[in-house]
Every structure is written in C-alpha cells, then in structure tokens.
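# Summary of structural features
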Amino acid sequence: MKRVLEGSHAVAEAVRLAKVQVISAYPITPQTHIVEILSQYCTNGTMKAKFLRVESEHSCMAALIGAQSVGVRTFTATSGQGLALMHELLHWAAGARLPIVMAEVNRALAPGWNIWVDQTDSLAQRDTGWIQMYCEDGQEVLDSTIQAFLLAETVNLPVMIVLDAFYLSHTYEPVDVPEPEEVDRFLPPFAPKFQLDTAQPCAFGSLVGPGDYMDMRYQIALAMDDALIRFGDVEDAFAALFNRRYGPVEAIDCADAEIIFITSGTVTSTCRLALQELRAQGEKAGILKIKLFRPFPVDRIRKELQAAKKIAVIDRNFSFGASGIFAQELRAALCNTPRHPVVFGYVAGIGGRDVTPELLKEIYWLTKNSEVPQKESIWMGIQEVKYAD
Amino acid sequence: MIMNKYVNPDNLYIARSYLTTESNKTGSWRFLRPCYDEKTAPCSIACPAGEDIPRIEMMATQGLFKEAWEKILIENPFPSVCGRVCFHPCEGSCNRRDFDSAVAIHSLERFIADTAIRYGISPELEKKPSRKQRIAIVGAGTAGLAAAWFLSLLGYSCDVFEASSEVGGVLRWGIPLYRLPLSALRHDIKQITELGVAIFTGKKVSKEMLSELKKKYDAVFIGCGHSLGMPLSVPGENLSGVSEGLEFLRQIRDGKSPVCSGVTAIIGGGNTAVDVARSVVRLGGKALLLYRRRRQDMPALALEVEMALEEGVELEELVAPAVISEENGKILLTLQEMKVEGEECGRDRVIAATGKNRQVRVERILKAIGMQASESWQQADRTDNEILTLSHSVLDSRGREAVMVLGGDIVNKTKSVVDAVASGKQAALALDILFQEGIEAVVPKLQACLVGPGSSLSMEIFMGGERRLRNKHVVSYEEINTDYFRFSPRVTQPRLLKEERIQSFEEIDLKISAHMAMKEAERCFNCGLCNQCDNCFIFCPDTSVILGRDHQGRHINYDYCKGCGLCVVECPRNAMSLGEEKS
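Residues numbered from 1 in each chain as written. Chains lettered and ligands numbered in written order. Predicted model: local features only at pLDDT ≥ 70, side-chain atom pairs only at ≥ 80, totals over all residues.

Below, the discussion takes up the overall build of chain B. Regarding its fold elements, chain B presents 20 helices and 22 strands. Out of the 583 residues belonging to chain B, those deemed buried represent 45%. For chain B, restricting intrachain contacts to residue pairs at least 6 apart in sequence, the fraction spanning at least 24 positions comes to 72%. (Helix = DSSP H or I, 4+ residues; strand = E, 2+ residues; numbered from the N terminus. Buried ≥ 20, exposed ≤ 12 C-beta atoms within 10 Å, placed from the backbone. Contact = placed C-beta atoms within 7 Å.)

All right, on to the overall build of chain A then. Scanning chain A from N- to C-terminus turns up 12 helices and 16 strands. A compact globule built from 389 residues would reach a C-alpha radius of gyration of about 21 Å, and chain A, at 21 Å, matches this within 12%. For chain A, buried positions account for 50% of its 389 residues. (Rg over C-alpha atoms; globule rule 2.2 N^0.38 Å.)

The biggest cluster of nonpolar side chains holds 162 residues, and the ones touching the most others in it are Ile 266, Ala 277 and Val 405 of chain B. Core analysis: the next-biggest nonpolar cluster, separate from the first, contains 119 residues, Ala 25, Ala 63, Cys 271 and Ala 312 of chain A among them. (Core = buried A, V, L, I, M, F, W, Y, C linked by C-beta atoms within 7 Å.)

Here we take up helix α11 (residues 325-334) of chain A. All buried positions along α11 of chain A are accounted for by Ile 325, Phe 326, Ala 327, Glu 329 and Leu 330 of chain A. Buried positions along α11 of chain A lie against α5 (120-123), β11 (259-263), β12 (285-290), β14 (310-315) and β15 (342-347) of chain A.

Accessible area lost on assembly of the parts is the figure often given for the size of an interface. All names here are of chain A. Split by domain assignment, chain A resolves into domain 1 (2-242) and domain 2 (249-379). In this assembly, 25 residues from domain 1 lie in contact with 21 residues from domain 2. Of all elements in the fold, only α5, β6 (131-134) and α8 (210-242) reach the threshold of two or more residues within the side of domain 1 that touches domain 2. Here the side of domain 1 that touches domain 2 gets five residues from one element, more than from any other, and that element is α8. Looking at the side of domain 1 that touches domain 2 residue by residue, the class counts come to 15 nonpolar, four polar and six charged. (Domains from an automatic or database assignment. Nonpolar A, V, L, I, M, F, W, Y, C, P; charged D, E, K, R; others polar.)

With that settled, the discussion passes to the interface of chain A and chain B. On the chain B side, the residues contacting the 18 residues of chain A number 13 residues. Looking at the side of chain A that touches chain B, the elements with two or more residues in it are β9 (203-204) and α8 of chain A. Looking at which element gives the most residues to the side of chain A that touches chain B, the answer is α8 of chain A, with four residues. Of the residues that constitute the side of chain A that touches chain B, the class distribution is nine nonpolar, five polar and four charged. By the bridge criterion, two bridges tie β9 of chain A to strand β1 (residues 16-17) of chain B in an arrangement that is antiparallel. When the bridges of β1 of chain B are listed, Phe 204 of chain A appears paired with Arg 16 of chain B. (Pairing = 2+ DSSP bridges.)

Glancing now at α8 of chain A. Residues and elements named next belong to chain A. When the terminal C-alpha atoms of α8 are compared, their 46 Å separation across 33 residues agrees well with the 48 Å that a helix rising 1.5 Å per residue should span. Along α8, the helix axis deviates most sharply at Leu 228, where the bend reaches about 30°. Residues of α8 that are buried in the fold lie against β6, α6 (138-155), α7 (180-186) and β13 (292-294). Count one or two residues on from α8 and you reach Asn 243, which has phi positive near 60°. (Expected span 1.5 Å × (residues − 1). Bend = angle between axes of the 7 residues up to and from the residue.)

Let us look at the sheet that holds β11 of chain A. All names here are of chain A. Within the open sheet, the six strands sit side by side as β10-β12-β11-β14-β15-β16. Their pairing is mixed. The open sheet terminates on both sides in strands that have one partner only, identified here as β10 (249-252) and β16 (378-379). Pairing of β11 with β14, which is carried by four bridges, proceeds in the parallel orientation. Opposite Ile 262, over in β14, you have Val 313 as the bridge partner. Against the sheet, helix α10 (residues 298-305) makes contact with β10, β11, β12 and β14, and its axis sits at roughly 5° relative to β10, the strand it touches most. (Axes fitted to C-alpha atoms, helices over the stretch in contact; angles between N-to-C directions.)

What follows is about the confidence of the model for chain B. All names here are of chain B. This prediction gives chain B a mean pLDDT of 92; 96% of its residues lie at or above 70. For the stretch residues 1-9, pLDDT sits under 50, and the model shows 19 contacts to residues farther than four places along the chain or on other chains. Across the predicted assembly, pTM comes out at 0.73 and ipTM at 0.84. (pLDDT = per-residue confidence, 0-100.)

The next thing to look at is the sheet that holds strand β8 (residues 242-244) of chain B. Residues and elements named next belong to chain B. The five strands are arranged β8-β15-β9-β10-β11 in an open sheet whose pairing can be described as parallel. On the outer flanks of this sheet lie β8 and β11 (314-316), each paired with one strand and no other. In this sheet, adjacent strand axes meet at a mean angle of 25° when their direction is disregarded. Here helix α12 (residues 271-282) sits on the sheet and contacts β9 (263-267), β10 (286-290) and β15 (364-367); the angle it forms with β10, its principal contact strand, is near 160°.

Right, let's talk about the domain arrangement of chain B for a bit. Taken as a whole, chain B is organised into domain 1 (22-38 + 530-580), domain 2 (42-124 + 472-523), domain 3 (134-227 + 373-447) and domain 4 (229-372). The C-alpha centroid of domain 3 of chain B is placed 47 Å from the C-alpha centroid of domain 1 of chain B.

The next subject is the environment of Ile 56 of chain B. By the element assignment, Ile 56 of chain B lies in helix α2 (residues 53-61). Ile 56 of chain B has contacts with Glu 51, Ala 68, Lys 71 and Ile 72 of chain B, leaving out every residue within four places of it along the chain.

Residues and elements named next belong to chain A. In the contact formed by helix α1 (residues 7-17) and α6, the axes pass within 8 Å of each other and the chain directions differ by 25°. In terms of axis orientation, α1 runs roughly parallel to α6. The hand of the α1/α6 crossing is right-handed. Residues Gly 7, Ala 10, Val 11, Glu 13, Ala 14, Val 15 and Leu 17 of α1 form the contact with α6, whose own contacting residues are Gly 138, Val 141, Leu 142, Thr 145 and Ile 146. Of the residues in the contact of α1 with α6, the class split is eight nonpolar, three polar and one charged. (Parallel < 35°, antiparallel > 145°, perpendicular 65-115°, else oblique. Left-handed = near helix turned anticlockwise from the far one by under 90°.)

Residue and element names in this part refer to chain B. Where helix α11 (residues 245-253) meets α12, the axes come as close as 9 Å, and the angle between the chain directions of the two elements is 50°. Relative to α12, the element α11 is oriented oblique. Handedness of the α11/α12 crossing: left-handed. Contact residues: α11 offers Gly 245, Leu 246, Phe 248, Leu 249 and Ile 252, while α12 offers Thr 272, Ala 273, Asp 275, Val 276 and Ser 279.

This part covers the environment of Ala 308 of chain A. With respect to the helices, strands and loops of the structure, Ala 308 of chain A is situated in the loop between α10 and β14. Residues in contact with Ala 308 of chain A, not counting those within four places in the same chain, are Ala 257, Glu 258, Ile 259, Ile 260 and Pro 341 of chain A.

So, on to the environment of Gln 147 of chain A. Residues and elements named next belong to chain A. When you line up the elements, Gln 147 lands in helix α6. Looking at Gln 147, the number of C-beta atoms within 10 Å reads 24, which means it is buried. The spatial distance from the C-alpha of Gln 147 to the C-alpha of Phe 186 is 8.6 Å, given a sequence separation of 39 residues. Aside from chain neighbours lying at most four places away, what touches Gln 147 is Val 234 and Phe 238.

Given below as structure tokens:
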C-alpha cells in the first residue's frame, strides 16, 4: 500500500515488518523520529518487541549485543555523536558475528554543533566490520532495511543502513509499504547459528591467543566477501516478490559517458537532474551511484567505469590530511587496472550545505576543463573567512 | 577453542568457551580485603543516654515504629519526655549538618513515642531473670525512675519513695504544660510501673528513715534532686515579694494560678527563667527577664528564648540585681549594669560597669539562678577517696549495710533530663556489676559498655545485643557517600500561633504526620549502619557479594573477591571497611 512517509518512518515501518524483537536506542537528532515511532509500536502492541531505554549509545549497542547473543532480532538507530560513542562496540558486534541492524542518519560531528547532513560519522566506522548501505530515497530506505536483516543473518555480520539527515530522514515521499504476509515470505524468523542458552551454558568472546585470533579475523574478511554475493541473492529474492531492485551500484547513462559523477545518498537525486540538463546540451555525462560501501563492490565499479575518461567523485565527507573518502576508495579500486579513468575529487555539502544542480554542473565543467586532477579533493563553495577584530 | 555446532549447521569460527570461570579463583589476587563493618554514628555518642539513633531512624523509615520505640526504651525510658524537652545534643553532631541540615531527631523521638501512645502498644523488652537483691530509690524524678527501669530490666526489685503527691520530679512540677503535657509524662512513667516497680508517693525520706532503708535493702539510690534555691546574695532578697521561680512553676503545675498582675522581674538566663517568664505571660502578667550576660550567652534553648520574646517577654541583657527594697507596696530593684571584658573559662567575662546603676519598679521578683540540694546527706563527699566517683553517679559500698548510690542532679555536671537518665543507667549497671562480680569489676565492665569512644553507656551492649559488635570508629561526614542522598529540607515543626500560645498552657509543638516523620527519618544517613541497600551487590564486578539471605546472610565470597574496594566506596553509609589482606 502506498503511503506518504517521512524517511525516518520508512525505516520504522521496515523494522515493524521485520518483526524485530528487541530495540534499544538513545535519542539524537535527526534520528529520533525513527525510534520515537518504534517505542510507540512497542507500547501499543503494534510490535511484540522489547524497547530498552539506555543512558548512552555505548550502552545501547552493549544491550543489543547481549540481546542478539540470546538469539533474537535486534535494531537500533543513531546519528553523529551517538555513532561515535558506539565505536568500540561496533567492532565488538562484528567480531562477535552478531547480525544487528542499525539505521544511521548521517549527521555532522561537533564542534561546532551541527545537526545537518555529513557522511564523515558513518564513513569513520568503515573499518569496524559493518556492512554499510547508503540510500537515496524513502522507498530504498524501507526496502534496504527489510533486506538488511536477511543479509545480516545470512553472513552473520551487522548492517548499517545510512540515510542523509533531513534531506531524507525528514522528507515525506510516497512509499510502497508491503503487507506483513508478503514480508514474511521474504524474511523468515531469525534462526541463530549460536546463542546463549542456560541449558548449555557457555561464554562468548573470551580470551583468544594469536594462534586463533588472526584466523577468526580472516573468517570475517571471507564473510564480508561473501556478503557481496549474498547481497545479489537477497536482491533477487526481493525483486521476485516486490519487483524492485537497486544493485550495489547503479549506473546511469554510463555506457557512453566520458565523465561520470560518483555519488551517494540524496546527492544522487539532484545529480539525476543535472545529468538531464547536461545530456540535453550534448554532454556525454553519467552517474555511478554507490549504494553498497562495505563490502565495496570493486568489480562492478571497475566494469561500469572502464569506458570513461574522467570521474568526478562527490564527497559529503572528508578525511583530514588525505581527501574525500569516496575519492580514496575509488582511486584504490581503480589503480591496479590497466586502463582506468582519471579520478577528480570534490568536497561538497559538508554540514548540511545545499548541493544544487548548478553546483554539480560547475563540478562537471571543472572536471571537463582540467587536464589532471589536483592531488587532493577540491572544496566547493569555500567563502573568505572574516575574523572578528 | 570449540567450533560452533549449535542449532544451525553453518559453522562460525568464534570465541566460545564451555569452561566455567569459577575455576579461576581471582580471590588469590587480593591484597586488600573488604568486609562488613558497622560503625558508630556521631549522634549516638553525643546522646548522654547513648540511644542507637541511626538504627532508630532506619526502623522509622521502614515503618517499624514499635521496634523503634523499643530501641529507644532499651536506652532511655523517657522518649515521650525527651522528644519534647531534651536539648538534643545529637542534632548538634549530626553528619547531615554538613550536607543540608541536621535530622530532626527530637521530633522523630516524640513522633515514635506519640505513636506508641496512640496505639496503646506495650513494649516487649528482654528482662533478665530475677535477682535476690532489693533496691530502694529515694526520689521519683528522672534519675530515680531511670534507675528503677534499668534495675528492673536487670532483674532487681525496686521500691521508689517520693515525697510529693505525684511522681516525675522536675518533669511533673517544674516544666510548664505547654512544653510537656501531663499525658506525655504519664505514658513514659506507665511503662516503668508496668515493669513491676513499686512507687510510694507522699513518703518523704528523712535521715532517720534512710537508716531504716539501709537495713532493709541491699542498695539505696538517692536521686532526690535539687529543691533549695540559690541565694542572690544581695540586700533585700528575703522580702516577701521575692520568691523562687521553680516554686512558682510548681504552684501552676499544682493547679493554682498565682497572681501575676503588673510587672514580674525574673532573674536568670536558663530554661527555668524562660519557663517562668512565659508562664507569667500566660497568666496575664508582664514578664521582665533580667540576665547578667548577653542573649547569646543564655543557657536556655535559643528557640525557647525566641518564642518567649515573640510572646511578649521583655529581655534586659547585662544587668545584675544589686539591691532589693520595698517602696509603697512595690519592689524597687536596683540593677547594676554589666559589661563584657576579657575572658574566663573559655567564654566572655562580664564585670560590673562601675557607677552605672538604674532602678526598676516591679510587683515581684522570681529567682531562677539555679538550685542546690536541700539536705547535706544528699550531697556527695567528693573528697573521700574510698568512694567510687563516676561521671553520673557516686557509689559507696563500704560497711556492711546497703550500698549507697547518689545520682541525678545532685551529682551530674549537666543538669538535664537526659543526663539524669544517664545517671540512673550508670547507677543500675554499676550496681549489677557490683552485686554479680564485685566492686573491682565496675569500672572496666562499664568501660566496655560505652558507645564508641564516647562517655555514654549502652544498656543494649551491656545486655549483649548486636550493638556490641559495632566498630568504635565514629563515622565522619567525609566517609558518607553523599552521591546516594538528595538534598531534602528538614521537617518544619508545626506550632500554635503566638496569639494562641499566650492564651493557655496548651502544648505548642503540634503532632507531625506519619508521612512527614518517615520522610524525615529517611533523611538520616544511618551513619555506619547497613540498611541492605544492595549497592555492594550491584557494584561488585566479580559477583562476589552473596545476598544468600536464606542461610548465611549477606557475605563476601573471598574465593573470587579481588579486593577492588568498589563495594566499600559505593556503600552510602560507611557500613563496610577495606583493610590490608593478612597473608
């Protein structure tokens, strides 16, 4: 049934349909709407789930690690500082192979305090062993969240569904909300591969010597590789039932494109508009939207970009002292191929600044008119700083 | 390492152990050892009767009002009286003063006693088996009745001889009803008589009768108090318009209404002086309180002075009577003005301001400058080394006749109700030790029954109660973990309005509700006592605090306790200690 839903509520509806059993969260803008409605569902009986209130995001993730270890389906949502506070336990959740699902609403990190969109918070967690999916609109958020549980439980790794603050979390769009029976056909109840059981007491996560630890880590690496294949399986199963598919990447007009934008999140939608205008002017432009960031779909990316001359990577994030993070990833993915496009990096929309079609076209022309890229990403729209006397 | 082989056939390579961590006896790492160690509260050593105040308030918090009342009675048979008129030194040493304000211990004591009255409860106290010795008690004042109470609990049969028509001494005859209603006093005394104490009123003990008592009884306790006024030592003090303040109060308590027209001058600055002045106001007269020092030096309770002034009592500071004379049927009082100069005995010294005299005309003068014993045999001979002189009593066990014990106001340094209770208790314990173990055992045995490092005796410790196990260390404010307490205002004592007060002798302090009392009791830190809050259990990272209330009770499993000390730090009340592990 089509409903007009806020991005946050699209997440919440997916969590309801996934029949999550334990939810824990600590409120933080711009994520709060997600757990706000879920707490209502837990209270009024819409969901048969336990909502654990906690005093911090660190405790929240710890609580979910405990709950998931018992063998139930769990969910949380957070943003910015909250995600940063969870950091230690993000490693733990992945290392313990717990298929926890989280919605992470991208928010800039303080100081100064900023509640608007910026991807640095989630990208700073890229090495924690969590699968990360960056979504473009409300429908994708809902679908990806439902899929996330199946993927997580298949490979025993946690999944982070990432959405832009306000541009997605607080924007109302028509969203097709599936019926519970349909979702049940797609997503069976959680069958844990291991769980705490008082009948067979054991301890998880105890001391592991060098002899075993490295092999355990290698198993996680293998599981992450496997996740790339399983992601396709999950999408196939979902498409068979709901006739919607997103892919780990989406290539738009890439076949004949000479310059390809690399985008993620809601910037993709804006870029689709800029692309129409550029194509109307006869420019051979394209877009490669990256949805799956971990595992990074290197082969697909190489294939989609093999014919292009240049790529313009839009980063709504930055790694100080290096460059935009997507730009780094793209360079790393491409450098060992014999023939690949030149990588131009651009930083735009940091801390919630608007990324307009005009800005994207400006990036296009900058890329087209430059022979070689600068060593680091170019910061778009930087103003002259006026210091107080 | 065991590969997962559970529920699902898919194998996951994760750290999983079926070994119990119980095999790792982490207790061997310990070099510090926590233990449950109940300590002494500062209020309990400040109380001359040694009441177990932190325990009493804990019981009140739990709604165990009867048990709280019994807990008071084991140390003090006068909770109803002391809840009203005691100068409550306990509150002065309450650790809570450093946090917000002292717990209203006296209000709670009164509430607990009032509750016992309301429900007509009888105390169930442990009584020792009967002893053969019989004890005569001279004077049914606080000290004598207290001695009878404790001696009865120790198994002795007591006969009390009282000169006046009713028992209670100063409590009955010297304290106005607006501070101590008769019902409150009678209720405390009822508990004593119900213990089997025989009281003979209207039996004044003369020197001759004393000789008889000495033959018939094994011991005689003399607690007849002070009934003779001190002389002013100024010309004219024997004029008919000059009399004793205490006698004035006695007339009122005897149902009479002494004439109070015009201005009455009251000389003194103690509680009796203030009681007299306020009684004069209630009888329609004008009260002029004359004191040779300043208001802040008055021994009377500050609150009593404040209320007296509100009620219209006039206070003149730094004046001493010089000459009293009669003039046209009135009293002409010449006053010497005083001034503060230098120090003596740790307080400001006042001396006469030479040449500064003035005169006041009053209807009568009431003296309230202290009392003394009326007969010489009622006084202790402190020069006799053969006599055992203790803090609150004097024992003479020489000769073949009865042991003579002096107690109460005639020996006490501080002449207060609660010191009189302390005196009766000390005399009772001393006699029991003397009868059972001999005179040499008295001092060391009493020493063993002191509350903490203080000088108050505990009957409970003497009877072998749980309190004897308590560490003598006095808990300081710094040792309380105040994170676990909230700021909470001290209970506001409801009182009659001053317009209502001066109309009658109705009790001024009104009753507080059970709700208010429990809230106030909850403010108590219960310094040094465990109230089973479970913080030690909650915080122990090694699950080594075992509640096991069913058999062993709360204890520490030293096989696993690493001695981190968290339990001790998180104990709000300092009921635990951390010491070095002895190898």
